[in-house]
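Single-letter residue listing:
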Amino acid sequence: MSKPVKFYYDLLSQPSRAMVIFLKLARIPYEDLPVALRNGEHLSEDFKNQVNRFQRVPCINDNGFKLSESVAIVRYLANKHKIPDTWYPQDAKKQALVDEYLEWQHNNTRITCALYFQLMWLKPLLTGKKPTEKEVDTHLQRVVTTLDAIENIWLEKTPFLAGNEVTVADLWAACEIEQLTLTPYDFRKGRPRLTAWLEKVRSSSNPHYDEAHKILKKLAEKTSAKL
């Protein structure tokens, strides 16, 4: 009998949070192996050689089969396990619509939100230096363009990104966007569809959604007190 998949993650990592929520919703057994990125645990030679050659999270070890990159992991696990069809549909067309967002996000939601978060929160924390006005304007405009696309294109005709039901596409997008709560930018303002969608994603995946974002919310409260 195979053992539960070993799952390495950090809840300050956007795709890690998405994976945690997915694993619990899909009821996939896993060994809980948190990695403290803030302490550099992922940078050790042991982690590189034994866990993930790219030294990042999330990643898994499924009885000797190692895999990184959250999108690849969710597709693998959905293919291997019998999960609720809504999260990653078996129907070819429905699945393609989920994959369409998961591929689009790499150069949009993922990179724009992450880079803005790093610029506004992570780098100042690590270096003690504030970003320049030009850097802020450049990165913020990219975030605005991405979120406007979600508001006006992805959510124009359907309540969720890939149709009328919540899927992993929504989980991955929501976790990326939630990271912006650590910055001064109010991503909900002027975006009623995105705001309503985010609440629907949260309610449809709770209590796991709130549990995964507990640390982020606490950090956001501390950050907002300093702004």
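Our subject is the structure that appears above.
Every value quoted in this text rests on a predicted model; they were computed, and no experiment measured them.

K.L.:
Tell me about the environment of Lys6, and name the residues and values.
P.N.:
Here Lys6 shows up in strand S1 (residues 5-9). In sequence terms Lys6 and Gly64 are 58 residues apart; their C-alpha atoms lie 9.5 Å from each other. Contacts of Lys6, omitting those with residues within four sequence positions, involve Glu31, Leu33, Cys59, Ile60 and Asn61.

K.L.:
For the sheet that holds strand S4 (residues 65-68), give the residues involved together with the corresponding values.
P.N.:
The strand order across the open sheet formed by four strands is S2-S1-S3-S4, and the pairing between neighbours is mixed. Of all the strands in the sheet, just strand S2 (30-34) and S4 have a single pairing partner and so form its edges. With direction set aside, neighbouring strand axes in the sheet form an average angle of 20 degrees. Across three bridges, S1 lies against strand S3 (residues 59-62) in antiparallel orientation. Each residue of the ladder has a partner; that of Tyr8, found in S3, is Cys59. Helix H1 (residues 14-25) rests against S1 and S2 of the sheet, and its axis sits at about 150 degrees to S1. Lying on the sheet, helix H3 (residues 70-80) is in contact with S3 and S4; it crosses S4 at an angle near 135 degrees.

K.L.:
An account of the pattern of salt bridges is requested, with residue identities and associated values reported.
P.N.:
Counted under the stated rule, the structure contains nine salt bridges. With its nearest N and O atoms 3.2 Å apart, the salt bridge here joins Glu199 to Arg202. Here Glu199 and its partner Arg202 are both found in helix H8 (residues 192-204), three residues apart, which amounts to about one turn of the helix. Overall, the relative accessible area of 41% leaves Glu199 in the partly exposed class. Taking the relative accessible area as the measure of exposure, Arg202 reaches 30% and is therefore partly exposed. Bridged by salt links that share partners, the residues Arg75, Asp99 and Glu103 form one connected network.

Parameters at a glance
Here the residue numbers are simple positions, counted from 1 along each chain's written sequence. Whole-chain, interface and lining totals are the exception, using all residues; otherwise, since this is a predicted model, local features are given only for residues with pLDDT of at least 70 and side-chain atom pairs are given and counted only at 80 or more. The basis for every side-chain value is the complete set of non-hydrogen atoms in the structure, without hydrogens or water. For the purposes of this entry, the term helix denotes a DSSP run of H or I that reaches at least four residues, the term strand denotes a run of E that reaches at least two, and both are numbered from the N terminus. Any two residues whose heavy atoms approach within 4.5 Å are treated as being in contact. For two strands to be treated as a pair, DSSP must find at least two bridges joining them. Here an axis means a line fitted to C-alpha atoms, over the contact stretch when the element is a helix, while the angle between two N-to-C directions is reported on a 0 to 180 degree scale. We define a salt bridge as a side-chain nitrogen of Lys or Arg found within 4 Å of a carboxyl oxygen belonging to Asp or Glu. Only protein chains enter the calculation, and the probe is 1.4 Å; a residue is then buried if its accessible area is under 20% of its type maximum, exposed if over 50%, and partly exposed in between.

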